[in-house]
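One letter stands for each residue in the lines below.
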Amino acid sequence: MTLGKVVGTVWATRKDEQLTGMTLQLVQELNMDGSLKSKFVVAVDSVGAGVGETVLFAQGSSARQTELTRNKPVDAVITAIVDKMDNPGN
Amino acid sequence: MTLGKVVGTVWATRKDEQLTGMTLQLVQELNMDGSLKSKFVVAVDSVGAGVGETVLFAQGSSARQTELTRNKPVDAVITAIVDKMDNPGN
Amino acid sequence: MTLGKVVGTVWATRKDEQLTGMTLQLVQELNMDGSLKSKFVVAVDSVGAGVGETVLFAQGSSARQTELTRNKPVDAVITAIVDKMDNPGN
Amino acid sequence: MTLGKVVGTVWATRKDEQLTGMTLQLVQELNMDGSLKSKFVVAVDSVGAGVGETVLFAQGSSARQTELTRNKPVDAVITAIVDKMDNPGN
Amino acid sequence: MTLGKVVGTVWATRKDEQLTGMTLQLVQELNMDGSLKSKFVVAVDSVGAGVGETVLFAQGSSARQTELTRNKPVDAVITAIVDKMDNPGN
């Protein structure tokens, strides 16, 4: 999974109907020290993550393995809200 | 999903017959501030997106989860036309 | 899909037997203006694309959705020969 | 697979319930000479790898082919702890 | 597929049991002129490729389409040993 921060939300009225009702969050990737990378994705939120929270997201076919996203045209999904990171080995 | 802008169209007569009738759009990736990246893909359009519109596209096996693209040799599909982005957390 | 140009051919006698009879083309990625990128792949040709032609190729599991490549250990396949690109939005 | 080093651990209470009980390790990619790259992933540990150990991890759908991760929204899994690397050809 | 050169071997005793008996080769990516890139993967060898040989490898789910790797947590597999490359179009 990839470490990121929810930095915003995307709205789309005209879309594949399988996306109806999903929250689309802008998630910017994080470095291990918590600083923001320039890279970002638009991910479906399956855990109620709000703007400002640090999250993990899954990509590719693994993004379709949540109850919400199964068999949907979704290639990125937020699967966890991070409480803490220990990074002694770096 | 990835944020992009439709910047053109590709025509191909000689192609895998499973692609017949599909619209192939040139989609250039966008930064969060709306500026264009150099990276781009050729994506099948499943939502009627025209040149100049900001869209979301799905890649990989997730690109085959729309009615139009199921089981087709398609690795990028436009799934939504973006109305608005809120980006308070950046 | 990704835009590329066929720039050569690869021969391999010792290979997974599922690849027998497939043409393996060197495909170099293209920028939108038609200039060559340094990035390239070795793709199975499913449409009779020759050296010098501009093509589209699909990657990942989508590369196994042609008649020729189904269930084969192939992660890149040429699916179309490009006739024309319109790029008014760039 | 990708060569990496376990450099830390991630804790998340609010998460997709399919991730319950999994250990989430911070894995930083390694160069062939053992030096650290900046690139890293958060991978599920299926082999008991501790901080400081050199490992291999699998990504994408292949990350769901272990007993622990099958059908779970996991896109990176540690599958081996490296004992030794011989690198005569470089 | 990706062009690479076998430059070494990886040994791992503690690993997912589905990897038992597989040869894990260090494969460094090649440029079209045969020079080495810094990018590399650890790939399962399915064709008896030795150190120093130029090979093709498949990645992602396509890496699980050989007899040896089917349904295994393997995301890179060597599928061919390259005899010759013609590169007239570059």
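Scroll up to find the structure this text is about.
No experiment lies behind these values; they were computed from the predicted model shown.

Visitor: For the overall build of chain A, give the residues involved together with the corresponding values.
Guide: Within chain A one finds zero helices and six strands. Each helix and strand of chain A, ordered N terminal to C terminal, gives the series β-β-β-β-β-β. Expected size for 90 residues packed as a compact globule is a radius of gyration near 12 Å; at 13 Å, chain A falls within 12% of this value. Along the first, second and third principal axes, the C-alpha set of chain A runs to 45 × 25 × 20 Å. For chain A, with 90 residues in total, the buried portion stands at 56%.

Visitor: Please provide a residue-by-residue account of the relation of the copies chain D and chain E, values included.
Guide: Copy one and copy two of the chain differ by a rotation about a common axis and a shift along it. The two copies are related by a screw motion: chain D maps onto chain E through a turn of 72° and a shift of 0.0 Å along the axis, at an RMSD of 0.0 Å. Read as a symmetry element, the transformation amounts to a five-fold axis. Residue by residue, only 3% of the interface of chain D is reproduced at the interface of chain E, so the copies engage with different surfaces.

Visitor: I'd love a proper account of the packing of aromatic side chains, names of residues and values included.
Guide: Tallied over the entire structure, the rule returns zero aromatic pairs over all chains. Across the ring face of W11(A), the terminal group of K84(B) is positioned such that the distance to the ring centre comes to 4.6 Å.

Visitor: Explain the pairing of strand β2 (residues 24-30) of chain D to me, using residue names and the numbers behind them.
Guide: Residues and elements named next belong to chain D. Counting buried positions along β2 yields seven of seven residues, so the element is predominantly enclosed. In the sheet, β2 pairs with strand β3 (residues 36-45) via six bridges, with the strands oriented antiparallel. Within β3, the position partnered with L24 by the bridge is V44. In this structure, the hairpin formed by β2 and β3 is closed by a connection of five residues, where G34 is found at a positive phi of approximately 90°.

Visitor: Go over the interface of chain C and chain B with me, naming the residues and quoting the values.
Guide: Between chain C and chain B, the contact holds 30 residues from the first and 30 residues from the second. Together, the buried faces of chain C and chain B total about 2,400 Å²; carbon and sulfur atoms form 54% of this surface. The largest share of the area that chain C buries against chain B comes from M1(C), M32(C) and Q65(C), three residues that together contribute 28% of it. The tally of links from chain C across to chain B stands at one salt bridge. The interface formed by chain C and chain B contains 14 residue pairs in polar contact (both at pLDDT 80 or more). Within the residue set of the side of chain C that touches chain B, elements represented by two or more residues are β4 (54-59), β5 (76-81) and β6 (84-86) of chain C.

Visitor: Can you break down the environment of N31(A) residue by residue, with the values?
Guide: Examined against the element boundaries, N31(A) turns out to sit in the loop between β2 (24-30) and β3 (36-45). Relative accessible area serves as the criterion here: at 25%, N31(A) is assigned to the partly exposed category. Sequence separation of N31(A) and T2(A) is 29 residues, and the distance between their C-alpha atoms is 9.9 Å. Excluding anything up to four places from it in sequence, N31(A) contacts L3(A), L36(A), K37(A) and F40(D).

Visitor: Go over the interface of chain D and chain E with me, naming the residues and quoting the values.
Guide: With 30 residues of chain D in contact, the opposing surface of chain E contributes 30 residues. The largest contributions to the chain D side of the interface with chain E come from M1(D), M32(D) and Q65(D), which together make up 28% of the buried area. Run the count over chain D and chain E and you get one salt bridge. Between E53(D) and R14(E) there is a salt bridge whose closest N-O contact spans 3.1 Å. The interface formed by chain D and chain E contains 14 residue pairs in polar contact (both at pLDDT 80 or more). Elements supplying a minimum of two residues to the side of chain D that touches chain E: β4 (54-59), β5 (76-81) and β6 (84-86) of chain D. Take the side of chain D that touches chain E: its biggest share by element is four residues, from β4(D). Across the side of chain D that touches chain E, the residue classes break down as 13 nonpolar, 11 polar and six charged. Relative to strand β1 (residues 2-11) of chain E, β6(D) runs antiparallel, the two being bridged by three bridges.

Visitor: Please set out the side chain of E29(A) residue by residue, giving values where relevant.
Guide: Residue and element names in this part refer to chain A. In this structure, E29 sits in strand β2. Overall, E29 belongs to the buried group, its relative accessible area being 8%. Excluding its chain neighbours within four sequence positions, the residues that come into contact with E29 are T2, L3, G4, S35, L36, K37, K39, F40 and F57.

Visitor: Which residues make up the relation of the copies chain C and chain B, and what values go with them?
Guide: Overlaying chain C on chain B yields an RMSD of 0.0 Å, the required transformation being a rotation through 72° with an accompanying axial translation of 0.0 Å. An asymmetric contact is evident, with only 3% of the interface residues of chain C recurring at the interface of chain B.

Visitor: Provide a residue-level description of the nonpolar core, including the pertinent values.
Guide: Counting residues in hydrophobic clusters, the biggest one holds 105 residues, and the most contacted among them are L56(A), L56(B), L56(C), L56(D) and L56(E). With residues up to four places along the chain from it excluded, the contact list for L56(E) reads V10(C), L24(C), V42(C), M1(E), T2(E), L3(E), V77(E), I78(E), T79(E), A80(E) and V82(E).

Visitor: An account of the pattern of salt bridges is requested, with residue identities and associated values reported.
Guide: Residues and elements named next belong to chain A. Enumeration according to the criterion identifies 10 salt bridges over all chains in this entry. Between E29 and K37 there is a salt bridge whose closest N-O contact spans 3.8 Å. According to the relative accessible area criterion, K37 is partly exposed, its value standing at 22%.

Visitor: Quick rundown of the pairing of strand β3 (residues 36-45) of chain B? Include the residues and the values.
Guide: By the bridge criterion, two bridges tie β3(B) to strand β5 (residues 76-81) of chain B in an arrangement that is parallel. Each bridged residue has a counterpart across the sheet, and for V44(B) the counterpart in β5(B) is V77(B).

Quick notes on the rules
What you see as residue numbers is a count from 1 along each chain, following the sequence as written. Written order determines the labels here, with chains lettered from A and ligands numbered from 1. With pLDDT at 70 or above as the cut-off, local features in this predicted model cover only qualifying residues; side-chain atom pairs require 80 or more to be listed or tallied, and sums for whole chains, interfaces and linings still use all residues. To get the side-chain values, take all heavy atoms of the structure and skip hydrogens and water. Secondary structure elements follow DSSP: runs of H or I of four or more residues count as helices, runs of E of two or more count as strands, with numbering from the N terminus. Atoms considered for the radius of gyration are the C-alpha atoms alone. The globule rule reads 2.2 Å times the number of residues to the power 0.38. Classification of residues uses two cut-offs on accessible area relative to the type maximum, computed with a 1.4 Å probe and protein chains only: under 20% is buried, over 50% is exposed, and between them is partly exposed. The atoms used to superpose the copies are C-alpha atoms, taken from residues with pLDDT of at least 70 in both, and the fit is least squares. When checking whether two residues touch, look at their non-hydrogen atoms; a contact exists if any pair is within 4.5 Å. Only Phe, Tyr and Trp rings are paired, with Trp represented by its six-membered ring, and only when their centres lie within 6.5 Å; those with planes under 30 degrees apart are stacked, over 60 edge-to-face, the remainder tilted. We count a charge as sitting over a ring when the NZ of a lysine or the CZ of an arginine lies within 6 Å of the ring centre and within 35 degrees of the ring normal. A pair of strands is labelled paired if DSSP reports no fewer than 2 bridges between them. Joining two parts hides part of their accessible area as seen by a 1.4 Å probe, and the buried area is that hidden amount summed over both. A side-chain nitrogen of Lys or Arg and a carboxyl oxygen of Asp or Glu constitute a salt bridge if their distance falls within 4 Å. Under the rule applied, a polar contact is a pair of N or O atoms within 3.5 Å (in protein, one hydrogen donor and one hydrogen acceptor; residues adjacent in sequence only if both atoms are side-chain atoms). Residue polarity is assigned by list, with Asp, Glu, Lys and Arg as charged and Ala, Val, Leu, Ile, Met, Phe, Trp, Tyr, Cys and Pro as nonpolar; anything else, Gly included, falls into the polar class. For our purposes a nonpolar core is just a set of buried Ala, Val, Leu, Ile, Met, Phe, Trp, Tyr and Cys residues, chained together by side-chain atoms within 4.5 Å.

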